[in-house]
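# Survey of secondary and tertiary structure
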Amino acid sequence: MCQNMNKLGRQSYKLRNNPAHLVHKEHTDAEKLYDRTLERTKRQHWRDWLERAEDPDIWTVHKYTSQPYTDGAKARIPALKYIQDNIEVTAATNTEKAQALTKSFFPVKPTDPENETEHAFPPTCCKPDQITKEQILLHIWKLKPYKAPGPNGIPNIVLMRCADLLVDRLLYIYKAMLERNIHYPPWKNFTTVVLRKPGKPRYDVPKAYRPIALLNTMWKVLAAIVADQLTYYNEKYSLLPAHHFGGRPGRSTTDAVHQLVHSIKNSWRKGNVTSVLFLDVEGAFPNAVPQKLVHNLRKRRIPRRYISFIEGMLEG
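Read on for a plain summary of the structure. Predicted model only: the values in this text are computed from it and were never measured. (Residues numbered from 1 in each chain as written. Predicted model: local features only at pLDDT ≥ 70, side-chain atom pairs only at ≥ 80, totals over all residues. Heavy atoms only, no water.)

Scanning the protein chain from N- to C-terminus turns up 12 helices and four strands. In terms of C-alpha radius of gyration, the protein chain reaches 27 Å, well past the compact-globule figure of 20 Å for 316 residues. For the protein chain, the spread of C-alpha atoms along the three principal axes comes to 90 × 55 × 45 Å. Within the span of the protein chain, comprising 316 residues, buried residues form 24% of the whole. Sequence separation of at least 24 residues holds for 60% of the intrachain contacts in the protein chain that already meet a minimum separation of 6. (Helix = DSSP H or I, 4+ residues; strand = E, 2+ residues; numbered from the N terminus. Rg over C-alpha atoms; globule rule 2.2 N^0.38 Å. Buried < 20%, exposed > 50% of the residue type's maximum accessible area, 1.4 Å probe, protein only. Contact = heavy atoms within 4.5 Å.)

To continue, consider the packing of aromatic side chains. Here the structure, examined in full by the defined rule, presents six aromatic pairs. Put simply, the rings of Tyr232, Tyr233 and Tyr306 touch in pairs and so form one group of aromatic residues. One Lys or Arg, Arg16, reaches over the ring of Tyr13 and ends 4.1 Å from the middle of that ring. (Phe/Tyr/Trp six-rings, centres within 6.5 Å; stacked < 30°, edge-to-face > 60°. Lys NZ or Arg CZ within 6 Å of the ring centre and 35° of its normal.)

Right, let's talk about a positive patch on the surface for a bit. Among the surface-exposed residues, Lys32, Arg36, Arg40, Arg43 and Arg47 lie close enough to one another that they form a single positively charged patch. A relative accessible area of 41% means that Arg43 is categorised as partly exposed. (Patch = residues over 30% accessible without salt bridge, like charges linked within 9 Å, V, L, I, M, F, W, Y side chains within 5 Å. Areas by Shrake-Rupley, 256 points an atom, 1.4 Å probe, with all protein chains shown as cover. Salt bridge = Lys/Arg side-chain N within 4 Å of Asp/Glu carboxyl O. Lys, Arg positive; Asp, Glu negative; His and termini not counted. Charge placed at Lys NZ, Arg CZ, Asp CG, Glu CD.)

Before going further, it helps to examine the pattern of salt bridges. Counted according to the given criterion, the structure contains four salt bridges. Between Asp168 and Lys133 there is a salt bridge, and its shortest N-O distance comes to 2.6 Å. Taken together, the residues span a long stretch of sequence, with Asp168 in helix 7 (residues 163-179) and Lys133 in helix 5 (residues 133-141) at a distance of 35 residues. Look at Asp168 and you get partly exposed, because its relative accessible area is 34%. Overall, the relative accessible area of 36% leaves Lys133 in the partly exposed class.

Take the packing of helix 7 against helix 9 (residues 217-237) next. One way to put it is that helix 7 packs onto helix 9 with a least axis distance of 11 Å and a crossing angle of 60°. Here helix 7 is positioned oblique relative to helix 9, judged by the angle of their axes. In this structure, helix 7 crosses over helix 9, and the sense of that crossing is right-handed. Residues Leu170, Tyr174, Met177 and Leu178 of helix 7 pack against Met218, Trp219, Val221, Leu222, Ile225 and Val226 of helix 9. Per-class residue counts for the contact of helix 7 with helix 9 are 10 nonpolar, no polar and no charged. (Axes fitted to C-alpha atoms, helices over the stretch in contact; angles between N-to-C directions. Parallel < 35°, antiparallel > 145°, perpendicular 65-115°, else oblique. Left-handed = near helix turned anticlockwise from the far one by under 90°. Nonpolar A, V, L, I, M, F, W, Y, C, P; charged D, E, K, R; others polar.)

With that settled, the discussion passes to the environment of Thr111. Here Thr111 is to be found in the loop between helix 4 (94-105) and helix 5. In this structure Thr111 comes out as exposed when scored by relative accessible area, which is 76%. Residues Thr111 and Lys292, 181 residues apart in the sequence, show an inter-C-alpha distance of 9.5 Å.

A separate point is the side chain of Thr217. With respect to the helices and strands, the residue Thr217 is situated in helix 9. If near-sequence neighbours (up to four positions away) are discounted, Thr217 is found in contact with Leu143, Asn152, Ile154, Pro155, Asn156 and Leu159.

Printed below as a string of structure tokens:
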């Protein structure tokens, strides 16, 4: 249908000096038919997706349906206003906006008063396991195929379609990087994209935006394998407290709420008054102190190979 419309369009253009020719009407009718068919197909695809939506797609459906209407254009960052030295400053140029957003996303890291060199660390929980081809393939297949790529421009779908051809080479590369603590510098570069936080009353302040990091595809797979190994060691050797719920498989916000309600009611049964303190830790991940992170990993008995990898990953 599209090819026929384009063909008639070329013929209509050639005969533009003859407005009475039938090809002009045929081209107009073909355009209308194409537009109606496209719109009908889009609506039908949307209905089919809604009917088949399951977790986690149901949350994507909610996000789409709850957002306000837009014209579909790219959101542009207006002039940003923020307080600096008790004076309101306006960032108008792209450079000034970037500096304002950087200060909002990445404030100065806190200093660590502890002296980790004198701390006596417990022995590691076990010897590190070797990476397998099955692990690499599993994490490649878990990738979202059409996510935005990193600086190298290689989308996830390329790695997924070529997994069988690349897995042997990736296995040796990943093993060498972990065992010898080697980091490929271009893989450590990433693109930070600024997105609007939905539902904010105004978007002329840096706090109304959030950053996301677009990593290189092959580096993303290696980082996922390391994270999966750390999760496995944690659950097998109970390296985290039982009441720690965040970032653990089989634990959810519902479990945390049940634990909270259980503790409060136990306190009430004893005749005590319960007070709860909720802390909103802002910017915890982008502002983590690498030295303190390494210190905590050693305290949790994580194998030294993975600690060295994480330390080299965060360096620079």
